[in-house]
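Spelled out from the first residue to the last, the chains are:
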Amino acid sequence: MRIAITGAKGQLGSILQARLAANDLLPLDLPELDVTDALQVRRAFDAFRPEAVIHAAALTNVDQCESQPELTYRVNALGTQNVALACRRCDAAMLYISTGYVFDGRKGAPYFEYDAPAPQGIYARSKLGGEWATQAFLQRFYVVRIDRLFAPGGRNFVETVLRLAHERGSLSMATDEVGSPTYAPDLAEAVARLLPTEVYGIYHLTNAGVCSRYEWAREILRLAGLAHVPVTPTQDYARPAPVPKQLELANLCGAQLGVALRPWQEALADYFGERGA
Ligand SMILES: NC(=O)c1ccc[n+]([C@@H]2O[C@H](COP(=O)([O-])OP(=O)(O)OC[C@H]3O[C@@H](n4cnc5c(N)ncnc54)[C@H](OP(=O)(O)O)[C@@H]3O)[C@@H](O)[C@H]2O)c1
């Protein structure tokens, strides 16, 4: 299959490239390709003629996005529109990586793919804008919502916890921010299985199970042999961006196809197998 990948140098993009290496790939990222430039995106796709495009490029620093709404909308929403329009022109299917942050986390139960989004911050709104554009301009699309991505070699929560544990010798972690880790190699495997199905639509693909930041940090420290490092449970952690406090993404549509990710604890153990403790 001829597949273009945007955000190819990012956490997920790098893992996608490795998993899909048997295909004819076009990895795209800054500075060669800026998704905010509609003509540049169009030219890249016109030349390569992809059968599918995985759009993972985005501004992903949720707190920074809060202070730069115009740039965030330009990259995450308009950039996705540019990718969708270029896909339409060359008749490529598109797989858009979105986020569970399109929900506000106040449901009190797992979110299904068909629940109404209610994004809270700029990042979340911009990613929902990307979903709208994908659905407005294409019939052959997958919207894949994920949460708390972590990948070997990436800058992620696991590495932050380990760095803080070494630098400070103790940590404070929120017990009231609950979500699901998503291990990039597991997600890449799910994407590889989803792409050829042609069962288009919205998908929720995270590792199974939920945890608070506190629980996740404790498990990270245990696997790293740092269980002795004290972690103080906190609540109402102040940050620039409003984020959903209780987020569980129910995988109704993927499970129907046998596309589901294993429990997050197993994935985290594999992460440590990969990086070493
Ligand atoms: N990370 C998470 O926890 C998480 C959670 C939910 C959903 N997601 C979604 O998952 C996807 C992948 O996330 P990730 O963690 O792999 O992100 P990442 O590591 O930040 O990678 C994103 C890539 O996109 C590139 N990019 C930024 N602006 C661009 C532009 N204008 N044109 C072309 N490329 C551009 C970035 O380049 P620079 O580094 O040079 O800016 C980077 O290489 C994103 O769509 C994100 O919204 C992530």
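To start, this report covers the structure provided alongside it.

Rules used throughout
- Residues numbered from 1 in each chain as written.
- Predicted model: local features only at pLDDT ≥ 70, side-chain atom pairs only at ≥ 80, totals over all residues.
- Buried ≥ 20, exposed ≤ 12 C-beta atoms within 10 Å, placed from the backbone.
- Helix = DSSP H or I, 4+ residues; strand = E, 2+ residues; numbered from the N terminus.
- Arc of directions from axis to C-beta.
- Contact = placed C-beta atoms within 7 Å.
- Near = placed C-beta within 6 Å.
- Nonpolar A, V, L, I, M, F, W, Y, C, P; charged D, E, K, R; others polar.
- Axes fitted to C-alpha atoms, helices over the stretch in contact; angles between N-to-C directions.
- Parallel < 35°, antiparallel > 145°, perpendicular 65-115°, else oblique.
- Left-handed = near helix turned anticlockwise from the far one by under 90°.
- Pairing = 2+ DSSP bridges.
- Right-handed = clockwise from strand over helix to strand, strands pointing away.
- Core = buried A, V, L, I, M, F, W, Y, C linked by C-beta atoms within 7 Å.

**What to know about helix H2 (residues 38-48)**
Along H2, the positions that sit buried rather than exposed are Val41, Ala44 and Phe45. Projected down its long axis, H2 carries its buried residues within an arc of 90 degrees, all on one side. Turned more than 90 degrees away from the buried face of H2, the exposed residues are Leu39, Asp46 and Ala47. Lining the buried residues of H2 we find strand E1 (2-6), strand E2 (24-28) and helix H4 (69-89).

**Overview of the site of the ligand**
Close contacts around the ligand come from 27 residues, with Gly7, Gly10, Gln11, Ala57 and Ala58 the closest. When residues in the shell around the ligand are grouped by element, the largest group, three residues, is from helix H1 (residues 11-19). Looking at the shell around the ligand, its residues break down into twelve nonpolar, nine polar and six charged.

**Focus: the packing of H4 against helix H5 (residues 122-137)**
Following both chains from N to C, one finds H4 and H5 inclined at 15 degrees, their axes separated by 8 Å at the closest point. The orientation of H4 with respect to H5, classified from their angle, is roughly parallel. Crossing geometry of H4 relative to H5 is assigned as right-handed. Of H5, the residues touching H4 (which contributes Pro69, Thr72, Tyr73, Asn76, Ala77, Thr80, Gln81, Ala84, Leu85 and Arg88) are Ile122, Tyr123, Ser126, Lys127, Gly129, Gly130, Ala133, Thr134 and Phe137. Taken together, the residues that form the contact of H4 with H5 break down as nine nonpolar, eight polar and two charged.

**Quick notes on the environment of alanine 21**
Take alanine 21: it is sitting in the loop between H1 and E2. Judged by the 8 C-beta atoms lying within 10 Å of it, alanine 21 is exposed. Separated by 199 residues in sequence, alanine 21 and isoleucine 220 have C-alpha atoms that sit 30 Å apart.

**Description of the sheet that holds strand E3 (residues 52-55)**
The strands making up a sheet are joined through hydrogen bonds of the backbone, oriented either antiparallel or parallel. One open sheet holds the six strands; their spatial order is E2-E1-E3-E4-E5-E10, and the pairing between them is parallel. Looking at which strands have only one partner, the edges of the open sheet turn out to be E2 and strand E10 (201-204). Along the sheet, successive strands turn relative to each other by an average axial angle of 20 degrees, direction set aside. In the sheet, E1 pairs with E3 via four bridges, with the strands oriented parallel. The residue of E3 that forms the bridge with isoleucine 5 is isoleucine 54.

**A short note on the pairing of strand E4 (residues 93-99)**
The side chains of a regular strand alternate, residue by residue, between the two faces of the sheet. Counting buried residues in E4 gives seven out of seven residues, a clear majority hidden from the surface. Relative to E4, E3 runs parallel, the two being bridged by four bridges. Bridge assignment links isoleucine 54 to a residue of E4, and that residue is leucine 95. Sheet analysis places E4 next to strand E5 (residues 141-146), joined by six bridges and oriented parallel. Counterpart to leucine 95 in the pairing with E5 is tyrosine 142. In this view, the connection linking E4 to its parallel neighbour E5 by way of H5 has right-handed handedness.

**A look at unusual backbone geometry**
Here leucine 30 and proline 31 are connected by a cis peptide whose omega angle stands at 0 degrees. Inspection of the secondary structure assignment puts proline 31 in the loop between E2 and H2. With phi around 50 degrees, arginine 49 is a residue other than glycine that occupies positive phi space. Structurally, the position occupied by arginine 49 is in the loop between H2 and E3. Under the C-beta neighbour-count criterion, arginine 49 is labelled exposed, with 12 such atoms within 10 Å. One non-glycine residue with positive phi stands out, namely aspartate 236, at about 55 degrees.

**Here we look at the nonpolar core**
Core analysis: the biggest nonpolar cluster contains 71 residues, and Met94, Val144 and Leu187 have the highest contact counts within it. Not counting chain neighbours up to four residues away, the residues in contact with valine 144 comprise Leu95, Tyr96, Ile97, Ser98, Val191, Tyr203 and Leu205. Among the nonpolar cores identified, the runner-up in size contains twelve residues, and Phe103, Tyr123, Leu128 and Leu249 belong to it.

**Overview of the packing of H2 against H4**
Remark: H2 packs on H4, axes separated minimally by 9 Å, with the N-to-C direction vectors making an angle of 35 degrees. For the pair H2 and H4, the sense of crossing is right-handed. Facing Ala38, Val41, Arg42 and Phe45 of H2, the residues of H4 in contact are Asn82, Val83, Leu85, Ala86, Cys87 and Arg89. For the contact of H2 with H4, the class distribution of residues is seven nonpolar, one polar and two charged.

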